[in-house]
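# Structural description and commentary
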Amino acid sequence: MLDDSEIIKERVSEPEISSPDLIHTYYVDPEEKFQKIEIRREMAFKRYYVIEPLISNYEKEIIDWIKEVLEYSDDAVPIYVIRDPELRKEYIINFAKKLLKRKRVPPKRWDVIIYYITRDLVGYGKIDALMNDKFIEDISCSGLNVPIYVWHRDHGYIPTNIVFNDKNELESLVYKLAVRAKKMISVANPSVDGILPDGSRVVCNLGVVSLKGPTFTIRKYTAEPMTIIDLINEGTVTPELAAYLWMLMEHKKSIIVCGEVGAGKTTLSNAILGFIRKTAKIITVEETPEIRLDGYENWTQKVTRESIREEVRSIDLFELVKTALRERPDYIIVGEVRGKEAYVLFQAIALGHGGLTTLHADNIDSAIKRLTSRPLEIPMYLIALTSAFVEVSKFIDEAGRIKRRVTNVKEIEGIEEDRLILRDIFRYKADEDKIEMVNDSLELRKIATELGIPYDKLMGEFQRRQSFLVLLTNLEGVSWSQLSNLIENYYIDPEEAFSMVRREGGL
Ligand SMILES: Nc1ncnc2c1ncn2[C@@H]1O[C@H](COP(=O)(O)OP(=O)(O)O)[C@@H](O)[C@H]1O
Ligand SMILES: [Mg+2]
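Residues numbered from 1 in each chain as written. Chains lettered and ligands numbered in written order. Predicted model: local features only at pLDDT ≥ 70, side-chain atom pairs only at ≥ 80, totals over all residues. Heavy atoms only, no water.

With respect to topology, nine strands assemble into an open sheet ordered β14-β13-β15-β16-β12-β17-β18-β19-β20, the strand pairing being mixed. Each edge of the sheet is formed by a strand with only one pairing partner; in this case those strands are β14 (299-303) and β20 (434-437). In this sheet, neighbouring strand axes are inclined to one another by 20° on average, regardless of whether the strands run parallel or antiparallel. Contacts from helix α10 (residues 341-350) reach β12 (254-259), β15 (331-334) and β16 (354-360), with the element oriented near 160° to β15. (Pairing = 2+ DSSP bridges. Helix = DSSP H or I, 4+ residues; strand = E, 2+ residues; numbered from the N terminus. Axes fitted to C-alpha atoms, helices over the stretch in contact; angles between N-to-C directions. Contact = heavy atoms within 4.5 Å.)

Here is the structure:
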């Protein structure tokens, strides 16, 4: 039997900081019992704590022994043979119970012991809680003896209380991640990149050359991409700005979203893409498949292939954009431009395809500088075909939370002596936390001309779309694909779409 003196702090340390420093707490396991998260302020920064049940040394030995039996012994069916995770879990639980009975472990401790066994054999071991936490977007481990960092939706990049001190333990997690991503990792091929069963992207490295040991990064698959309505509710865009982007998308204009890493470029792009009509032919080209257009049947997703073997050819963005162009898409979307593929994208825009891409640059001016200088070197006259540059930024507010705002939208008035003349259309006023339309849009005027309708009439439509978006903010829990359906309804019959949303929202 156990006595309290035997209880050790295994794997996790209870934070020893007084409660005023506790910022946020919640459970991430389905039973809300075993994986408690606490976010605490520590000196100048925050730390993310995973708090799991305490166990004694003896219990730890039992756990390791049962795991070993399940994994290697002839007494048990090798668990990796059971493909279905639910069945595997059930088998493990039943098997573990038999062993626990045999060892006379008090039944009131069984659920904790079984928790650790399933966490390690079915879940992701020490990082299982991080995988379960929906607020976490990225998990990165830069080696031994340094805390794992996570990217938290509300708190940004923060260290956790999880540290690997044992090389074997970290290495076996890296092997496990590679296996689950169906990749071979070995000393000869120490670095792999793949997709986990839940759709998360993982990059792992055995660290044969790195002094800090094995490393991994997981970019988690978020079940539902954010919608433009989510972004309006977050304050990232206003209904007016969203309606503007909607008009541009509908009329196959080209948009470049720029901002720093993690500013929300991809998220904003994915949200804007929901404005496209359901029947349009869309081709996305990416290095990492991030863009998701659920419900678009005429969507082709192209992803680059990097090969480290001679007999397998690598396929890069440039090549994919080039072939995409031959397929005559209505829209060509490049996840992020970095190299010579940018040139092909601009050619596509020149040919009248709708285009959308993101570009890593702090602001619009430096985005243009990047486009014009090496290695991209896009000629000025091609850049001038861009309909709008959208700049998105992230800030930390007073409460220490991250907020994201579109801080600038510019159109191009013309070229003067090798210089682009830009026109501010939207501007963010930080002191009032407001995004304002500061000038008439040249692009909207162009659209009116193309449609052969008076500008005022187009402005009426612009207004009506704003009202529609405002109305949509009343609906709760609308998924990305549901929203794009509502937008499609609007295209088909705007008045009917209004009444439908009013009915749904009980308004
Ligand atoms: N407007 C937003 N509000 C809340 N979270 C956001 C917003 N935009 C992005 N995020 C989150 O921030 C992280 C980084 O966003 P992402 O769009 O991938 O950035 P970027 O493409 O600029 O690197 C993602 O995990 C995403 O879910
Ligand atoms: Mg991105």
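Turning to the packing of aromatic side chains, a few remarks are in order. All told, the structure shown has 16 aromatic pairs when counted by the stated rule. Centre to centre, the rings of Y149 and Y157 are 5.5 Å apart; their planes meet at 45°, and the pair counts as tilted. According to the relative accessible area criterion, Y149 is partly exposed, its value standing at 31%. What links up through ring pairs into an aromatic cluster is the set W246, F275, F468, Y490, Y491 and F498. Between R445 and the ring centre of Y455, over which it is positioned, the NZ or CZ distance is 3.8 Å. Note that R465 overlies the ring of W246, its terminal NZ or CZ placed 4.6 Å from the centroid. (Phe/Tyr/Trp six-rings, centres within 6.5 Å; stacked < 30°, edge-to-face > 60°. Buried < 20%, exposed > 50% of the residue type's maximum accessible area, 1.4 Å probe, protein only. Lys NZ or Arg CZ within 6 Å of the ring centre and 35° of its normal.)

Tracing the sequence through the fold places K302 in strand β14. Separated by 2.8 Å, the side chains of K302 and E327 make a polar contact. Aside from chain neighbours lying at most four places away, what touches K302 is I283, T284, V285, E286, L320, A324 and E327. (Polar contact = N/O pair within 3.5 Å; in protein donor to acceptor, adjacent residues only side chain to side chain.)

This next bit is on the site of ligand 1. Close to ligand 1 lie 17 residues, the nearest being E137, T236, G262, T266 and T267. One of the side-chain N or O atoms of E137 is found 2.9 Å from an oxygen atom in ligand 1. Residue R404 places a side-chain N or O atom 2.9 Å away from an oxygen atom belonging to ligand 1. The set of elements that each furnish at least two residues to the shell around ligand 1 consists of α6 (228-234) and α8 (265-273). Considering every element that reaches the shell around ligand 1, the biggest residue donor is α8, with three residues. Residue composition of the shell around ligand 1, by class: five nonpolar, five polar and seven charged. (Near = heavy atom within 4 Å. Nonpolar A, V, L, I, M, F, W, Y, C, P; charged D, E, K, R; others polar.)

Let us look at unusual backbone geometry. Going from R374 to P375, the amide bond is cis rather than trans, its omega being 0°. Among the structural elements, P375 can be located in the loop between α11 (364-372) and α12 (380-383). Non-glycine residue E417 carries a positive phi angle of around 45°. Inspection of the secondary structure assignment puts E417 in the loop between β18 (402-416) and β19 (419-429). Positive phi, normally seen in glycine, also occurs at D433, with a value near 50°. Turning to its location among the elements, D433 is positioned in the loop between β19 and β20.

This part takes up the nonpolar core. Within the largest apolar cluster, 64 residues are counted, with the highest numbers of intra-cluster contacts made by I228, Y244, L444 and L469. Of the residues forming this core, the biggest block, nine residues, is contributed by helix α7 (residues 239-250). Not counting the four nearest positions on each side in its chain, L469 is found in contact with I228, I229, I232, P239, A242, A243, W246 and F275. Grouped together as the second largest cluster of nonpolar side chains are 34 residues, L144, V150, A178 and F216 included. (Core = buried A, V, L, I, M, F, W, Y, C linked by side-chain atoms within 4.5 Å.)

The next subject is the packing of helix α1 (residues 57-72) against helix α3 (residues 110-121). The contact between α1 and α3 brings their axes to 10 Å, and the two run at 45°. In this view, α1 runs oblique relative to α3, as classed from their interaxial angle. Between α1 and α3 lies a crossing of right-handed hand. Contacts between α1 and α3 involve E59, I62, I63, I66, K67, L70 and E71 on the former and, on the latter, I113, Y116, I117, D120 and L121. The class makeup of the residues in the contact of α1 with α3 is eight nonpolar, no polar and four charged. (Parallel < 35°, antiparallel > 145°, perpendicular 65-115°, else oblique. Left-handed = near helix turned anticlockwise from the far one by under 90°.)

In this section: the packing of helix α14 (residues 455-472) against helix α16 (residues 494-504). At their nearest, the axes of α14 and α16 sit 10 Å apart, and the two run at 20° to each other. Compared by their axis directions, α14 and α16 come out roughly parallel. Relative to α16, α14 is oriented so that their crossing is left-handed. Contact residues: α14 offers R464, S467, F468, L471 and L472, while α16 offers P494, E495, A497, F498, V501 and R502. Here the residues of the contact of α14 with α16 are counted per class, giving seven nonpolar, one polar and three charged.

Next up on the list: the confidence of the model for the chain. For residues with low pLDDT, the predicted coordinates do not support detailed interpretation. Confidence in the prediction of the chain, expressed as mean pLDDT, is 90, and 94% of residues score 70 or more. In the model, residues 1-13 has pLDDT below 50 throughout and makes 31 contacts with residues more than four positions away in sequence or in other chains. (pLDDT = per-residue confidence, 0-100.)

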